[in-house]
Amino acid sequence: MYQRILIATDGSPLSDKAVEHGLQLAALSRGRVLALRVLPRYPRKFFDGGLALDEQQIRQIEEQWRDEAQAALARVKKRGSEEGVMVKTLTPRSDQVAEAILAAARKNGCDLIVMASHGRRGVKRLLLGSETQNVLTHAEIPVLVLR
């Protein structure tokens, strides 16, 4: 059974469902969990989607994102302790979410990735991309996707 499970979360209610499933799997298999939330970098240029802000404002925004991520991961850790599961947390900084998830799974010897899919279709999927689809396409280990 799975011994090292990476659970990717963005803090949304849908990813909370993935967290619950991942923790329950870990409890059943007496495995460990790596809970991960990828932190984006604030776009520095207008053409990258950023507003013209000074460095202090950008730092404040990135600190807010970090604080929100740490709070979400603290909830995962607390829930894990309630299930009797050891949870390690990780907040890598990257604009390439799927690549950061896959790199963390490789580096930490994970044998399963658990994550949610928002189920976007059509033009929305094309415009917004799909991090879950990228993970599914490039993962060398099983991926459990919840909707």
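Let me sum up the structure you'll find in this document.

The rules behind each value
- Residues numbered from 1 in each chain as written.
- Predicted model: local features only at pLDDT ≥ 70, side-chain atom pairs only at ≥ 80, totals over all residues.
- Heavy atoms only, no water.
- Salt bridge = Lys/Arg side-chain N within 4 Å of Asp/Glu carboxyl O.
- Buried < 20%, exposed > 50% of the residue type's maximum accessible area, 1.4 Å probe, protein only.
- Helix = DSSP H or I, 4+ residues; strand = E, 2+ residues; numbered from the N terminus.
- Core = buried A, V, L, I, M, F, W, Y, C linked by side-chain atoms within 4.5 Å.
- Contact = heavy atoms within 4.5 Å.
- Pairing = 2+ DSSP bridges.
- Axes fitted to C-alpha atoms, helices over the stretch in contact; angles between N-to-C directions.
- Left-handed = near helix turned anticlockwise from the far one by under 90°.
- Nonpolar A, V, L, I, M, F, W, Y, C, P; charged D, E, K, R; others polar.
- Parallel < 35°, antiparallel > 145°, perpendicular 65-115°, else oblique.

**Thoughts on the pattern of salt bridges**
Logical step 1: Counted under the stated rule, the structure contains six salt bridges.
Logical step 2: Where Asp-67 meets Arg-66, a salt bridge forms, and the shortest distance between an N and an O atom there is 3.2 Å.
Logical step 3: Looking at Asp-67, the relative accessible area reads 42%, which means it is partly exposed.
Logical step 4: A salt bridge links Glu-82 to Arg-79; its shortest N-O distance comes to 3.2 Å. Of the two residues, Glu-82 and Arg-79 are both situated in helix H2 (residues 55-83); the distance of three residues between them amounts to about one turn of the helix.
Logical step 5: Here the residues in one salt-bridge network are Glu-20, Lys-78, Arg-79, Glu-82 and Glu-83, joined through shared partners.

**Thoughts on the nonpolar core**
Generally speaking, soluble globular proteins have nonpolar side chains that are buried together.
Logical step 1: With 17 residues, the main nonpolar core has Ile-5, Ile-7, Leu-23, Val-33, Val-87 and Val-114 as its most contacted residues.
Logical step 2: Contributing elements (two or more residues each) for this core: strand S1 (4-8), helix H1 (13-29), strand S2 (32-36), H2 and strand S4 (112-116).
Logical step 3: With five residues, H1 is the single largest residue contributor to this core.
Logical step 4: Not counting residues up to four positions away in its chain, the partners in contact with Ile-7 are Ala-18, Val-19, Gly-22, Leu-23, Val-33, Leu-34, Ala-35, Leu-36 and Val-114.
Logical step 5: Listed in part, the 15 residues of the second largest apolar core include Val-38, Ala-100, Ile-101 and Cys-110.

**A closer look at the environment of Gln-96**
Logical step 1: Relative to the helices and strands, Gln-96 resides in the loop between strand S3 (87-90) and helix H3 (97-107).
Logical step 2: Residue Gln-96 is classed as partly exposed on the basis of its relative accessible area, which comes to 45%.
Logical step 3: In sequence terms Gln-96 and Val-38 are 58 residues apart; their C-alpha atoms lie 8.6 Å from each other.

**Side note on the sheet that holds S1**
Logical step 1: Strand order across the open sheet formed by five strands is S3-S2-S1-S4-S5, with parallel pairing between neighbours. Each edge of the open sheet is held by one strand with a lone partner, namely S3 and strand S5 (143-146). Sheet twist, expressed as the average angle between the axes of neighbouring strands with direction ignored, equals 20°.
Logical step 2: The pairing of S1 with S2 spans five bridges and is classified as parallel. Within S2, the residue paired with Arg-4 across the bridge is Arg-32.

**A closer look at H3**
Logical step 1: The set of residues buried in H3 consists of Ala-98, Ala-100, Ile-101, Leu-102, Ala-104 and Ala-105.
Logical step 2: The inward-facing, buried residues of H3 contact S1, S2, S3, S4 and helix H5 (131-138).
Logical step 3: At the exit of H3 stands Gly-109, carrying a positive phi of roughly 65°.

**Observations regarding the packing of H1 against H2**
Logical step 1: Where H1 meets H2, the axes come as close as 10 Å, and the angle between the chain directions of the two elements is 35°. For the element pair H1 and H2, the recorded crossing hand is right-handed. The segment H1 lies against H2, with Val-19, Glu-20, Leu-23 and Ala-27 engaging Val-76, Arg-79, Gly-80 and Glu-83.
Logical step 2: When the residues that make up the contact of H1 with H2 are grouped by side-chain class, the tally is four nonpolar, one polar and three charged.

**Quick word on the packing of H3 against H5**
Logical step 1: Packing of H3 against H5 brings their axes to within 8 Å, and their N-to-C directions diverge by 45°. Taken together, H3 and H5 sit at an angle that is classed as oblique. Between H3 and H5 lies a crossing whose hand is right-handed. Across from Val-97, Ala-98, Ile-101 and Leu-102 in H3, the residues of H5 making contact are Glu-131, Asn-134, Val-135 and His-138.
Logical step 2: Within the contact of H3 with H5, the residues separate by chemical class into five nonpolar, two polar and one charged.

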